[in-house]
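# Examining the three-dimensional arrangement
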Amino acid sequence: MTSSVAAQPVAPGTDLREAFRAAYENRYTWEPGFAGYQGRCIWEQGEKRLEGTFQVGADLKATVEGIADEEVHKAVASQLWEVAIHRVRRPFEQTHGANTFTAGDTDAVGTEVIMGGKAEGDRYRIKDNVVTMVHRHIHGTVVTIFTESVTDTGHGYLSHTYTSRYSDPASGEARGGTSRFTDRFVPLGEGGPWVLAERRISSEDPVAEQRFLFEDLAPLA
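Before going into details, it helps to say that this report is about the structure given with it. (Residues numbered from 1 in each chain as written. Predicted model: local features only at pLDDT ≥ 70, side-chain atom pairs only at ≥ 80, totals over all residues. Heavy atoms only, no water.)

### Quick notes on the side chain of arginine 199
What counts here: Secondary structure follows DSSP: runs of H or I at least 4 residues long count as helices, runs of E at least 2 residues long count as strands, and numbering of each begins at the N terminus. Throughout, exposure labels follow a simple rule: accessible area from a 1.4 Å probe, protein chains only, divided by the maximum for the residue type, with under 20% read as buried, over 50% as exposed, and the rest as partly exposed. Identification of polar contacts relies on pairs of N or O atoms within 3.5 Å, with a donor-acceptor requirement for protein atoms, meaning one able to donate a hydrogen and the other able to accept it, and with residues adjacent in sequence counted only if both atoms are side-chain atoms.
Within the element layout of this structure, arginine 199 appears in strand β11 (residues 194-203). With a relative accessible area of 2%, arginine 199 lands in the buried category. Polar side-chain contacts of arginine 199 include one of 2.8 Å to the side chain of glutamine 79. Side chain to side chain, arginine 199 and glutamate 82 meet in a polar contact 2.9 Å long.

### So, the packing of aromatic side chains
Put simply, the rule is: Here the aromatic set is Phe, Tyr and Trp, taking the six-membered ring for Trp, and pairing holds for ring centres within 6.5 Å; pairs whose planes are under 30 degrees apart are stacked, those over 60 apart are edge-to-face, and all others are tilted.
The final tally for this structure, using the stated rule, is 11 aromatic pairs. Where tryptophan 30 meets tyrosine 37, the ring centres are 6.4 Å apart and the plane angle is 75°; that geometry is what we call edge-to-face. Here tryptophan 30 and tyrosine 37 have matching classes, each one buried. Following the ring pairs from residue to residue traces out a cluster consisting of Phe20, Tyr24, Phe92, Phe101 and Tyr124.

### Looking at the environment of alanine 58
We apply this condition: We call two residues in contact when some of their heavy atoms are within 4.5 Å.
On the secondary structure map, alanine 58 appears in the loop between β2 (48-57) and β3 (62-65). Taking the relative accessible area as the measure of exposure, alanine 58 reaches 53% and is therefore exposed. Taking the C-alpha atoms as reference, alanine 58 lies 34 Å from arginine 175; in sequence the two are 117 residues apart. Apart from residues lying up to four places away in sequence, alanine 58 is in contact with Phe34, Ala35 and Gly36.

### Focus on the pattern of salt bridges
Rule in force here: For salt bridges, the criterion is a side-chain nitrogen of Lys or Arg within 4 Å of an Asp or Glu carboxyl oxygen.
Taken as a whole and judged by the stated rule, the model has 22 salt bridges. Among the salt bridges present, the one from glutamate 215 reaches arginine 40, with a minimum N-O distance of 2.4 Å. Placement of glutamate 215 in strand β12 (residues 210-219) and of arginine 40 in strand β1 (residues 36-45) is noted, with a sequence separation of 175 residues between them. The salt bridge involving aspartate 183 is made with arginine 199; its shortest N-O contact spans 2.8 Å. Placement of the pair is aspartate 183 in strand β10 (residues 179-187) and arginine 199 in strand β11, with a sequence separation of 16 residues. Grouping residues by exposure puts aspartate 183 and arginine 199 together as buried. In this structure, a network of salt bridges that share partners links the residues Arg40, Glu44, Arg49, Glu51, Arg184, Glu198, Arg200, Glu209, Arg211, Glu215 and Asp216.

### With respect to helix α2 (residues 17-25)
Put simply, the rule reads: By construction, the arc corresponds to the directions joining the helix axis to the C-beta atoms.
For α2, the set of buried residues is Phe20, Arg21, Ala23 and Tyr24. Burial along α2 is one-sided: seen end-on, the buried residues are contained in an arc of 165°. Where α2 is buried, its residues touch α4 (92-96), β4 (99-106), β5 (111-117), β6 (123-127), β7 (130-138) and β9 (157-167).

Without other data, these values stay purely geometric and don't point to any function.
So this is what it looks like as structure tokens:
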């Protein structure tokens, strides 16, 4: 089903609060009371392979054991934490109540949402109730993310393939190359919660693709 945003380009200057709210609330998040989960974690790059175990607690903190390589240990924990914080359910008004949402142009990626208020300087694009582009100022840098495909959980969407790039907020110069992500999510039980089973990260730099696997997944009691 095609949304009105995709079918009829919105006039620049239109208030997009409700359209953005619909896309925001269509993201997949965990139910309140999520108790955490555990499993095996495997990291691969080229011919290197390291394996350990992990837990993500109800507090969303990731604990990784059995991987002695400090950089890999940190990378595995970082992926688990980054995914978990995006599963937290926060009311739209709590996150965006102090913002305004004005339509810019519409292209193949979606309709541009120009933020004002607390988030002034940030931009998004939305299409078919999905946030297809994020351009946010975070801790003195700008991150730009393009979502190319999504996984429909039946209770909201999860990004499946997307790119990420960091840049200088003043000059716009890139800080490092563009990274490409492919994420595979699975439900822990019938209907969820959905958790990360595999993440592949490749970059423009001449470095082999990293692959993070999460297996034998089970909820914490």
